[in-house]
Amino acid sequence: MKGRDYLKLYGYFVKNNIIAQMAYRSNFIISILTEVGFIFAKSLYIIVLFSAGLSIRGLEPKQMLLFIGSYTLITGIMDAVCYPNIAAIPEYIRTASLDLMLTKPVNSLFISAFRKFDLGLGIPNVAGGLAMIAVSWKLSGIPFTAYHVLGFVFFIVLGCILTFPILMIPVTCSFWMIKSSALMDVIWAMWDFNNMPMTIYNRIIKAIGIFVLPVFMVTNLGPMFLLGILPRIYMVYAMIAIPVFLKLNITFWNFAIKRYSSAGG
C-alpha cells in the first residue's frame, strides 16, 4: 500500500469510529462530560496559580498558562488518536486479536496503532487547550503574526508526531508481559511530566527529558518558541529526534512481531 492508501484507510477508521460513537450517544456524552470534569479540576489549580501570583524560574502565571494550554491541547489530540489504541494493544496481544490483523495486507503497526479513534475524549481537551493558549497569548503580549502562529503550530505538530513513538515504544513491551497495567501507569506518569514547564525541573531531569527520552519536547517547544526562550540546540535536536525515534519504534515493533506467538500458541 502507498501513503495515499494509508491516509484513505485512516479516514475510514475515523469515520467508522465516529459512526459507532454516535450509535451509542450516551457513552459519547459521558466521555465528554468526564473530560470536562478533568478540565474543570485543572482550571482550579490554574486559578490558584494566578491567585498566588508567584513566578517560577522567571515564568509568570500568565506565561505558565501557555505551557498548560499546550499540554492540554496535545493531550486532547493524544486522547483521540493515540490513547484508545495504546490501551487496546495489550488486549489485542492477550486475546490473540492481533492474529487477524497480521493476515491483513496492511502494515501491522499501522493497523494496531491507528485503528481506533475517540472523538469524545478529544473535544474537551482540544477546546480547553486552545482557550488557555488564546488567553495566555493575549495576557503575555505575544504578537499575533504569521511568524508566531506558524512557528507555534509547527512545534505543536512536531510534538504530536513525537508523541507516537514515545508512547508506542513502551507499550510494545506488552508482547513479553502478562499484565500491562503497571506499564500503562508508567506511560501516563511519564506523560504527565509535561503538565508544567520543563524549566521547573533541575538540569539533570531536563537533560534526560530532552536528549534521552524526549518527553519534554512534546509540549514545551511551542510555548518556549513564542516566549523567545527556545534554545537553538533544542530545535535542531527535535528535527533529529523525530526520525530517530520513529525508526526505533518501527524496528522494535518488527522485532516483537517476529517473536510473537498467539494466545493459543
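Whatever comes next refers back to the structure up there.
To keep things clear, this report deals only with the structure shown in the data block. Please read all numbers here as calculations on a predicted model, not as lab measurements.

This part is about the overall build of the protein. In terms of regular secondary structure, the protein is built from 12 helices and zero strands. Considered along the principal axes of its C-alpha atoms, the protein spans approximately 60 × 45 × 35 Å. Burial analysis of the protein (265 residues in total) assigns 48% to the buried set. Pairs at least 24 residues apart make up 77% of the contacts formed inside the protein by residues separated by at least 6 positions. A total of about 13,800 Å² of accessible surface is found on the protein, and carbon and sulfur atoms cover 69% of it. Put simply, the protein has 20 plus and 9 minus side-chain charges, and the middle of one group is 9 Å from the middle of the other.

Here the focus is a nonpolar patch on the surface. On the surface, Ile204, Ile208, Phe211, Val212, Leu213 and Ile233 cluster together into a nonpolar patch covering about 550 Å² of accessible area. With four residues, the single largest contributor to the nonpolar patch is helix 10 (residues 203-212). The residue Leu213 is located in the loop between helix 10 and helix 11 (221-227) in this model. Relative accessible area serves as the criterion here: at 31%, Leu213 is assigned to the partly exposed category.

Let's shift gears to the packing of helix 2 (residues 25-52) against helix 3 (residues 61-81). Where helix 2 contacts helix 3, the two axes come as close as 11 Å, and the packing angle between them is 170°. With respect to helix 3, the axis of helix 2 lies roughly antiparallel. Relative to helix 3, the crossing made by helix 2 is right-handed. Note on element contacts: helix 3 touches helix 2 through Pro61, Lys62, Met64, Leu65, Ile68, Tyr71, Thr72 and Asp79, opposite Glu35, Ile39, Lys42, Tyr45, Ile46, Leu49 and Phe50. When grouped by side-chain class, the residues that make up the contact of helix 2 with helix 3 number 10 nonpolar, one polar and four charged.

Before going further, it helps to spend a moment on the pattern of salt bridges. Evaluated as defined, the whole model comprises two salt bridges. With a closest N to O distance of 3.6 Å, Glu60 and Lys62 form a salt bridge. For Glu60, a relative accessible area of 35% gives the class partly exposed. Judged by its relative accessible area of 27%, Lys62 falls in the partly exposed class. Close ionic contact of Glu91 with Arg94 constitutes a salt bridge, the shortest N to O distance being 2.6 Å. Highlighted residues: Glu91 and Arg94, both in helix 4 (residues 83-95), separated by three residues, approximately one helical turn. Under the relative-accessibility criterion, Arg94 is labelled exposed at 52%.

With that settled, consider the packing of aromatic side chains. Scanning all chains against the criterion turns up 18 aromatic pairs. Ring geometry for Phe114 and Phe164: centres 5.2 Å apart, planes at 15°, overall stacked. Here Phe164 lies in helix 8 (residues 146-171) and Phe114 lies in the loop between helix 6 (108-113) and helix 7 (119-139), a separation of 50 residues in the sequence. Owing to a relative accessible area of 14%, Phe164 belongs among the buried residues under this scheme. Ring geometry for Phe175 and Tyr260: centres 5.7 Å apart, planes at 85°, overall edge-to-face. Highlighted residues: Phe175 in the loop between helix 8 and helix 9 (181-191) and Tyr260 in the segment after helix 12 (232-258), separated in sequence by 85 residues. When sorted by exposure, Phe175 lands in the same class as Tyr260, which is buried. Ring pairing ties together the aromatic residues Tyr6, Tyr10, Phe13, Phe110, Phe114 and Phe164, which thus form one cluster.

Criteria and cut-off values
Residues numbered from 1 in each chain as written. Predicted model: local features only at pLDDT ≥ 70, side-chain atom pairs only at ≥ 80, totals over all residues. Heavy atoms only, no water. Helix = DSSP H or I, 4+ residues; strand = E, 2+ residues; numbered from the N terminus. Buried < 20%, exposed > 50% of the residue type's maximum accessible area, 1.4 Å probe, protein only. Contact = heavy atoms within 4.5 Å. Areas by Shrake-Rupley, 256 points an atom, 1.4 Å probe, with all protein chains shown as cover. Lys, Arg positive; Asp, Glu negative; His and termini not counted. Charge placed at Lys NZ, Arg CZ, Asp CG, Glu CD. Patch = residues over 30% accessible without salt bridge, like charges linked within 9 Å, V, L, I, M, F, W, Y side chains within 5 Å. Salt bridge = Lys/Arg side-chain N within 4 Å of Asp/Glu carboxyl O. Axes fitted to C-alpha atoms, helices over the stretch in contact; angles between N-to-C directions. Parallel < 35°, antiparallel > 145°, perpendicular 65-115°, else oblique. Left-handed = near helix turned anticlockwise from the far one by under 90°. Nonpolar A, V, L, I, M, F, W, Y, C, P; charged D, E, K, R; others polar. Phe/Tyr/Trp six-rings, centres within 6.5 Å; stacked < 30°, edge-to-face > 60°.

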